[in-house]
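Working through the structure, step by step
Residues per chain are reported as follows:
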Amino acid sequence: MSKGIDMMITKSVTFIAKEGSEAKMKELLSAMVQPSKAEKGCLFYEIFQYENERRRFMAVETWENEAALEGHKASAHYAVYKASYEPYCEDKYSDELEVLG
């Protein structure tokens, strides 16, 4: 289903840290939370670390619309994250989510 430009966007982004890089990945991802939450159009933004698989992290984020998400991707803190995470990350994938309630 194609989303309109004014529709809310919720997505999850899963990161698998390289062996031994869990602390650095946690630091980089955690640094995104407060500045992202302060952005215009951010409705929800949290980072989770799996308790049973400490190398796995998940960002769950909800944006008011496509413009808000694009603004996030243009932010200074997003640029720092994009330039920094790859050496510590074994795998990364995203999923768009449909809110059912």
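So, how was this worked out
- Residues numbered from 1 in each chain as written.
- Predicted model: local features only at pLDDT ≥ 70, side-chain atom pairs only at ≥ 80, totals over all residues.
- Heavy atoms only, no water.
- Helix = DSSP H or I, 4+ residues; strand = E, 2+ residues; numbered from the N terminus.
- Pairing = 2+ DSSP bridges.
- Phe/Tyr/Trp six-rings, centres within 6.5 Å; stacked < 30°, edge-to-face > 60°.
- Buried < 20%, exposed > 50% of the residue type's maximum accessible area, 1.4 Å probe, protein only.
- Core = buried A, V, L, I, M, F, W, Y, C linked by side-chain atoms within 4.5 Å.
- Contact = heavy atoms within 4.5 Å.

**Focus: the environment of S21**
- Within the secondary structure layout, S21 lies in the loop between strand 1 (9-17) and helix 1 (22-30).
- In this structure the C-alpha to C-alpha distance between S21 and Y81, which are 60 residues apart in sequence, comes to 15 Å.

**Considering the pairing of strand 2 (residues 42-49)**
- The pairing of strand 2 with strand 3 (residues 56-63) spans seven bridges and is antiparallel. Considered in strand 3, the bridge of F44 is made with T62.
- The loop that links strand 2 with its antiparallel partner strand 3 comprises six residues.

**Quick word on the packing of aromatic side chains**
- Throughout the structure, instances matching the rule amount to five aromatic pairs.
- A centroid spacing of 6.1 Å and a plane angle of 85° characterise the contact between F15 and Y85, whose relative ring orientation is edge-to-face. With F15 in strand 1 and Y85 in the loop between helix 4 (76-84) and strand 4 (89-97), this pair connects stretches of sequence that are 70 residues apart. Just as F15 is buried, Y85 falls in that class too.
- Here the aromatic rings of Y45 and W63 are separated by 6.4 Å at their centres, their planes lie at 70°, and the arrangement is edge-to-face. With Y45 in strand 2 and W63 in strand 3, the pair connects residues that are 18 residues apart, well separated along the chain.

**What to know about the nonpolar core**
- Grouped together as the largest cluster of nonpolar side chains are 21 residues, with contacts concentrated most on F15, M25, L29, Y45 and Y81.
- Elements with a minimum of two residues in this core: strand 1, helix 1, strand 2, strand 3, helix 3 (66-73) and helix 4.
- For this core, the element with the most residues is strand 1, which contributes four residues.
- Each residue touching L29, except ones within four places of it in the same chain, is listed here: F15, I47, F57 and Y81.

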